[in-house]
2 protein chains.
Amino acid sequence: MRFSKTFVKTLREAPKDETAKNGALLTRAGYIHKEMAGVYDFLPLGLKVIENIKTIIREELNKLGCEEILMSSLQNPEPWEKTGRFSDQEVDIWFKTELASGGVLGLAPTHEEPITELLKSYVSSYRDLPLYVYQFQTKFRNELRAKSGILRGREFLMKDLYSLHTSEEDLDRFYAEVEKAYERIFERLGIGDCTFETFASGGIFAKYSHEFQTFLPVGEDTVYYNADKSVVLNKEVLDEEVMADLGVKREDLQETTAAEVGNIFKLKFKYSEPLGLNYIDEENAQKTVYMGCYGIGVSRLMGVIAEKFADEKGLVWPETVAPFKYYLVGIGENGIRTAEEFYTGRETEIFFDDRNLRPGEKFADSELMGLPYRIVISDKTLTEDAAELTNRQTGETRLIKLTEL
Amino acid sequence: MRFSKTFVKTLREAPKDETAKNGALLTRAGYIHKEMAGVYDFLPLGLKVIENIKTIIREELNKLGCEEILMSSLQNPEPWEKTGRFSDQEVDIWFKTELASGGVLGLAPTHEEPITELLKSYVSSYRDLPLYVYQFQTKFRNELRAKSGILRGREFLMKDLYSLHTSEEDLDRFYAEVEKAYERIFERLGIGDCTFETFASGGIFAKYSHEFQTFLPVGEDTVYYNADKSVVLNKEVLDEEVMADLGVKREDLQETTAAEVGNIFKLKFKYSEPLGLNYIDEENAQKTVYMGCYGIGVSRLMGVIAEKFADEKGLVWPETVAPFKYYLVGIGENGIRTAEEFYTGRETEIFFDDRNLRPGEKFADSELMGLPYRIVISDKTLTEDAAELTNRQTGETRLIKLTEL
């Protein structure tokens, strides 16, 4: 992609009300645009980051045999009323709207009820189970405050996966597979070493659920962890019984803030029972389906990764997430001509700053935008048939032969 | 993909309130699931069809230098109030909702106002123009009635493209390029020979706009066309002046119903003026930006294609749109084993009906689901080292050597 051909420019300033670092940097670097607090547009580079994150998640879930679908945002109240969750007292972040032909609708904040209802059309026998269905879908949550950039959205992109089983053992088996898949996903996204599976409140049907928490100064959660981080728990479950369960002592635990990037939950009969998602077992008896649900905040992840790696110069993307791997600059007549030649045929890997600007301005933008490597081809480097390759994260620069690039 | 591994089953019956052929067939064949009138979920095969349509549109638009973004559904009233379009009298299909922190929001039925507002951050000089931005985005329209399956959605997927220019000539130039791109898109989608550029009402700023109408018995529009279909016009502009303009006589025009699958519109200053989208020209004077907008109904297209080609046995997908090219059935011990071998390594092209059912049931499902070709490998075909290849559209069957498949 050529810088001269995109409508996006880097901006000197973020909107005045943008107090979050991720929001301010992503706006200045041209990845997102703020519509209102908690509601953002994704510009071409930002959409590429989102798609890269989705691709990694999709690949890992497909390996488990999960199937992708896309459900609606508009929600019929009926299945939600059966579980009591259409009530604003029960779920206090609903956006609701009215149908011209009469009746109230909700905008989905999550999809347990409608997926349970949908699957009633397809599940009747034990032979239909287990099954695993997920989607990348826009969720709506009517947050009273939304000041964390894309870390907490009123409209945001989420991956939600639902699993159905005939037994608790099979739910446990798949739950463990998802735990491993999540670890691979966060590893591939570049935040494996700062993201930890965390014990959290399990609700009525399970003692614990698990969150995946990325340690982050601006994270909204408080978690406790032991020395080797083999045990991490959310503040909400920090009590004597839980510490005894997990074999840790209060004095061995440290506190930190973290951002929840994923969660996994054994729902068991929580939705299948009130909504009547049943199957006929081998003995011809009607049984209730066991369910699990597994979320990942896709747009939040983009914000977490931005916050986590940014330095005083701007964004720093891991290679797997970056919209382009290389930021290319030509200096001087020969440098520019050689850069043009080098760019040709490599348009999907290289973001080519072909603007008629001074090198210093291009360097500043390359640092703000945070692509993993900068390639500079100048008359000087060409005397050695080489280019200067700079690692955005480490700042290391070295000459590399053009033929080796 | 293996039939045994997807949670979806074909259904004997569509929901009782599903009166539209596209809705009923797509539901029975396992492509969509109805949430409520005008609101559908896309199941794995349906999502593949949607993605195939998006890919074709994306490829053709990217060739024109268009850039993809993704805007929000939640809409701040402010820019809409400047054009008068937040009013329910002016735009009568708004879904509106309330923010917990106070204030009314809309759910975007289209995006002219927010894109114009957004681009004010990026356009200041004639050097920034022209520019072309598009998205695939979920639109919400509060239709009083929605009985046409996915032909008219309350929630639906649309591609909307916006172009910005410094002159009417440049707008005209790009408009003509989009006309050609749309022709290529509909051609590639398999409906090129029944989809026509149609004169429609232009609104205040242009005498005509153009729609792309697919002739279809259940289409909601009425259009008139001459013998060689070189002139097609919407009923809404059928008057003496227009016929004189287009050089046609009433007695030479035939009437038919059609479904609008795309529209293109010279907006000129309609949104840029009230919203203040200006630029500085070569002489340092402030000028208003010329705009065009160009829509394609992505989920509607899926419905139109389903309606257009379906026969009494079920769906018939064009190759470019089909979720898989081949439907594979093995019959008999050797046939099944050979089918398994043949399937291996071709998982993305072949939908393999590996269920433990009678061949007749598999054949019926293959016809209902409408993949372009059915491959049957049986003990009988294997005596000639061949498979039976059936064209879904023509019904033609021939033996083909396995090595040639």
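Residues numbered from 1 in each chain as written. Chains lettered and ligands numbered in written order. Predicted model: local features only at pLDDT ≥ 70, side-chain atom pairs only at ≥ 80, totals over all residues.

1. Some words on the overall build of chain A
Put simply, the rule reads: Helix and strand definitions here come from DSSP, where helices need a minimum of 4 consecutive H or I residues and strands a minimum of 2 consecutive E residues; each element is numbered from the N-terminal end. C-beta atoms are placed from the backbone for every residue, and two residues are taken to be in contact when these atoms lie within 7 Å.
In terms of helices and strands, chain A carries 11 helices and 21 strands. Dimensions of chain A, computed from C-alpha atoms along their principal axes, come out at roughly 80 × 60 × 45 Å. A separation of at least 24 residues holds for 68% of the contacts in chain A among residues at least 6 apart in sequence.

2. As for the packing of helix α2 (residues 44-63) of chain A against helix α8 (residues 298-309) of chain A
Residue and element names in this part refer to chain A. So the rule is basically this: Between the N-to-C directions of two axes lies an angle of 0 to 180 degrees, each axis being a line fitted to C-alpha atoms and, for a helix, fitted only over the stretch in contact. Between 65 and 115 degrees an angle is taken as roughly perpendicular, under 35 as roughly parallel, over 145 as roughly antiparallel, and anywhere else as oblique. Should the near helix be turned counterclockwise from the far one by less than a right angle, the crossing is left-handed, whereas a clockwise turn marks it as right-handed. Under the scheme applied, nonpolar residues are Ala, Val, Leu, Ile, Met, Phe, Trp, Tyr, Cys and Pro; charged residues are Asp, Glu, Lys and Arg; polar residues are all the others, including Gly.
With their axes 10 Å apart at the nearest point, α2 and α8 run at an angle of 110° to one another. In terms of their interaxial angle, α2 and α8 are classed as roughly perpendicular. With respect to the hand of their crossing, α2 and α8 are arranged in right-handed fashion. Contact with α2, carried on its side by V49, I50, I53 and K54, involves V298, S299, L301 and M302 of α8 and no other residues of that element. Here the residues of the contact of α2 with α8 are counted per class, giving six nonpolar, one polar and one charged.

3. Structural notes on the sheet that holds strand β17 (residues 326-331) of chain B
Residues and elements named next belong to chain B. This is how it is decided: A pair of strands is treated as paired once DSSP finds two or more bridges between them.
Across the sheet, which stays open at both edges, the five strands sit in the order β18-β17-β19-β20-β21 with mixed pairing between neighbours. With partners counted over all chains shown, the strands left at the sheet margins are β18 (350-352) and β21 (397-401), one partner each. Mean inter-strand twist for the sheet, computed between neighbouring axes without regard to direction, equals 30°. Here strand β20 (residues 386-391) pairs with β21 via five bridges, running antiparallel. Across the sheet, the residue bridging to T390 is T397, located in β21. On the sheet, helix α9 (residues 332-343) packs against β17, β18 and β19 (373-378) and is oriented at approximately 145° with respect to β17.

4. Things to note about helix α1 (residues 21-28) of chain B
Residue and element names in this part refer to chain B. The test is simple: Partly exposed residues are those whose C-beta has more than 12 but fewer than 20 other C-beta atoms within 10 Å; 20 or more makes a residue buried and 12 or fewer makes it exposed, with C-beta atoms placed from the backbone.
Counted residue by residue, α1 has six buried out of eight residues, so it is predominantly covered. Buried residues of α1: N22, G23, L25, L26, T27 and R28, and no others. The secondary structure elements touched by the buried residues of α1 are β1 (32-36), α2 (44-63), α8 (298-309) and α10 (359-369). Count one or two residues on from α1 and you reach G30, which has phi positive near 80°.

5. Some points on the sheet that holds strand β19 (residues 373-378) of chain A
Residues and elements named next belong to chain A. Strand order in the open sheet made by the five strands is β18-β17-β19-β20-β21, with mixed pairing throughout. The open sheet has two edge strands with one neighbour each: β18 (350-352) and β21 (397-401). Averaged over all pairs of adjacent strands, the angle between strand axes in this sheet comes to 30°, irrespective of strand direction. Against the sheet, helix α9 (residues 332-343) touches β17 (326-331), β18 and β19, its axis set at about 145° to β17.

6. Remarks on the environment of V39(B)
Within the secondary structure, V39(B) sits in strand β2 (residues 39-42). Once you skip the residues sitting within four places of it in the chain, V39(B) turns out to touch S72(A), L74(A), G153(B), R154(B) and E155(B).

7. Looking at the domain arrangement of chain A
The accessible area lost on association of the parts is a frequent measure of interface size. All names here are of chain A. Quick note on the threshold: Each domain's limits were defined by an automated method or a database of domain assignments.
Once the domains are mapped, chain A shows domain 1 (3-309) and domain 2 (326-404). Computed over C-alpha atoms, the centres of domain 1 and domain 2 are 39 Å apart. Contacts between domain 1 and domain 2 engage five residues on the former and nine residues on the latter. When its residues are assigned to classes, the side of domain 1 that touches domain 2 shows two nonpolar, two polar and one charged.

8. Here we look at the interface of chain B and chain A
Facing the 46 residues of chain B at the interface are 46 residues of chain A. Elements represented by at least two residues in the side of chain B that touches chain A include exactly β1, β2, α2, β3 (67-68), β5 (95-98), α4 (112-119) and β7 (131-140) of chain B. Of the residues forming the side of chain B that touches chain A, the biggest block, four residues, is contributed by β2(B). Residue composition of the side of chain B that touches chain A, grouped by class: 24 nonpolar, 11 polar and 11 charged.

9. Quick word on the pairing of strand β8 (residues 155-165) of chain B
With 11 of 11 residues buried, β8(B) is to be regarded as a mostly interior element. Residue alternation in β8(B) divides its side chains into two sets, E155(B), L157(B), K159(B), L161(B), S163(B) and H165(B) and F156(B), M158(B), D160(B), Y162(B) and L164(B), and both sets are buried.

10. Comments concerning the packing of α2(A) against helix α5 (residues 168-188) of chain A
All names here are of chain A. Where α2 meets α5, the axes come as close as 10 Å, and the angle between the chain directions of the two elements is 155°. Considering the angle they form, α2 stands roughly antiparallel to α5. Handedness of the crossing formed by α2 with α5: right-handed. Residues I56, I57, E60 and L61 of α2 touch α5, and the partners they reach there are A181, R184, I185 and R188. Here the residues of the contact of α2 with α5 sort into five nonpolar, no polar and three charged.

11. A few points about the relation of the copies chain B and chain A
For clarity, the cut-off: The copies are overlaid by a least-squares fit using only the C-alpha atoms of residues whose pLDDT is at least 70 in both copies.
When chain B is fitted to chain A, the residual RMSD is 0.0 Å, and the transformation amounts to a turn of 180° plus an axial shift of 0.0 Å. Taken together, the rotation and translation relating the two chain copies correspond to the operation of a two-fold axis. Taking the C-alpha atom as reference, chain B places T97(B) closest to the rotation axis, 2.6 Å from it.

12. Focus: the pairing of strand β6 (residues 104-107) of chain A
All names here are of chain A. Pairing of strand β4 (residues 74-75) with β6, which is carried by two bridges, proceeds in the antiparallel orientation. In the sheet register, Q75 faces β6, and the bridge partner there is G106. Turn length for the strand β5 (residues 95-98)-β6 hairpin, with the two strands adjacent in sequence and antiparallel, is five residues, and the turn residue G102 shows positive phi of about 110°.

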